[in-house]
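Survey of secondary and tertiary structure
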Amino acid sequence: MTYNLAEKTWPMIEEYLKSKKSIIIPVGSTEQHGPNGLIGIDYMSSWEIAKKVGERTKTLVSPPLCFGMALHHMAFPGTMSLTPLTYVAVLTELFQSLAKHGFRHFTVINGHGGNIPSLNAAFSQVLNGEQDYQFKLINWWHLPEVGVYEKEHFGDANGFHATCGEVSVTMHTHQEAYKEVPTNFKFAPTVREYPWPMSPQQFRTTFSDGRMGSDPSLATAAHGEKIFNIAVDAICQKIGS
Ligand SMILES: [Zn+2]
């Protein structure tokens, strides 16, 4: 049975709300992910993980918010970003829409580090004066269980952006798309010390092919399947059924 909100009718949502006030909201970004990572990695990963967690915990899952705060990636073609204030406004209004119908427990599964400040700001906006709202922010790639696996299999080469872990997860979930991605890239060492925040041009000059400290030639669909399952298990434990 699907727990995808978009595949329900409004009477089905009304019925669900009689016994449960929880919803999972997957968020990510549409941004460059190095020479061999898909541009949609951050929302594809959180969306696929969220759908599985929804099925396992019998919790509704909203459509993914595919766009986030990715201004620092704008010097790479294909990136689509919101500015922080716009992103906070979009998140706030989406949370408020759900709250209006009676949802009270919001679990956001996030796939992009640049979204975190805006997500926290939007939570504060919505929580303002409300006693019974609960927000949980789960940055799936920060889960300790995921970190243990990545450390063991990729070490420092996992990096910070276009990581082996996130490329692997989407190699597992989007195998067809990766068949068209050229594999003949040479991955030179990337810098590990850098100022932050960076302008788009600074970012491109510092990380010329888009990676930050990672060697995604180590990524495989088999690793991706393991990391995907580890993340799903850990999140299910966190949110319960
Ligand atoms: Zn990413």
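See above for the structure.
Below you will find a few notes about this structure. In this text, all values refer to a predicted model and were calculated from it rather than measured experimentally. (Residues numbered from 1 in each chain as written. Predicted model: local features only at pLDDT ≥ 70, side-chain atom pairs only at ≥ 80, totals over all residues.)

1. Focus on the overall build of the chain
So the rule is basically this: Labels follow the DSSP assignment, with helices taken as runs of H or I lasting at least four residues and strands as runs of E lasting at least two, numbered in each case from the N terminus. Put simply, the radius of gyration uses C-alpha atoms, and a globule should come to 2.2 Å times the residue count raised to 0.38. Here a residue counts as buried when 20 or more other C-beta atoms sit within 10 Å of its C-beta, as exposed when there are 12 or fewer, and as partly exposed otherwise, the C-beta atoms being derived from the backbone.
Looking only at helices and strands, one finds nine helices and four strands in the chain. In the chain, the succession of α and β elements from N to C terminus is α-β-α-β-α-β-α-β-α-α-α-α-α. Against the globule reference of 18 Å for 241 residues, the chain gives a C-alpha radius of gyration of 18 Å, in line with a compact fold. Projected onto the principal axes, the alpha-carbon positions of the chain cover approximately 55 × 35 × 30 Å. The buried share among the 241 residues of the chain stands at 44%.

2. Digging into the packing of helix 2 (residues 41-57) against helix 6 (residues 164-173)
Stated precisely, the cut-off is as follows: Angles here are taken between N-to-C directions and fall from 0 to 180 degrees, while the axes themselves are lines fitted to C-alpha atoms, restricted in helices to the stretch in contact. Two helices that cross are described as forming a left-handed crossing if the nearer one is turned anticlockwise from the farther one by less than a right angle, and a right-handed crossing if clockwise. Residues are treated as contacting if the C-beta atoms built from their backbones sit within 7 Å of each other.
Taken N-terminus to C-terminus, the directions of helix 2 and helix 6 make an angle of 65°; their axes are 10 Å apart at the nearest point. Crossing hand, helix 2 versus helix 6: left-handed. Residue-level contacts link Ile41, Met44, Ser45 and Glu48 of helix 2 to Glu166, Val167, Val169, Thr170 and Thr173 of helix 6.

3. Some points on helix 4 (residues 116-127)
The test is simple: By definition here, a helix of n residues has an expected span of 1.5 Å times n minus one.
Its 12 residues give helix 4 an end-to-end C-alpha distance of 16 Å, which sits within 8% of 16 Å, the value for a rise of 1.5 Å per residue. In the core, the buried residues of helix 4 are packed alongside helix 3 (84-101), strand 3 (105-110) and strand 4 (134-139). A positive phi of about 85° marks Gly129, the residue just after helix 4.

4. Let's talk about the nonpolar core
The condition that has to hold: Nonpolar cores are built from buried Ala, Val, Leu, Ile, Met, Phe, Trp, Tyr and Cys residues. These are joined into a set through C-beta atoms within 7 Å.
Ranked by size, the top nonpolar core spans 50 residues in total, and within it Ile49, Ile109, Trp140, Ala231 and Ile235 carry the most contacts. The biggest single contributor to this core is helix 2, with seven residues. Leaving out residues up to four positions away in the same chain, Ile109 has contacts with Ile24, Pro26, Ser46, Ile49, Ala50, Ile138, Trp140 and Ile235.

5. Section: unusual backbone geometry
Trans is the prevailing form of peptide bonds, just as negative phi is the prevailing case for residues other than glycine. Here Trp196 and Pro197 are connected by a cis peptide whose omega angle stands at 5°. Within the secondary structure, Pro197 sits in the loop between helix 7 (175-178) and helix 8 (200-206). Although it is not a glycine, Ala162 adopts a positive phi angle of roughly 55°. Position of Ala162 among the secondary structure elements: in the loop between helix 5 (144-154) and helix 6. Judged by C-beta crowding, with 28 C-beta atoms within 10 Å, Ala162 ranks as buried.

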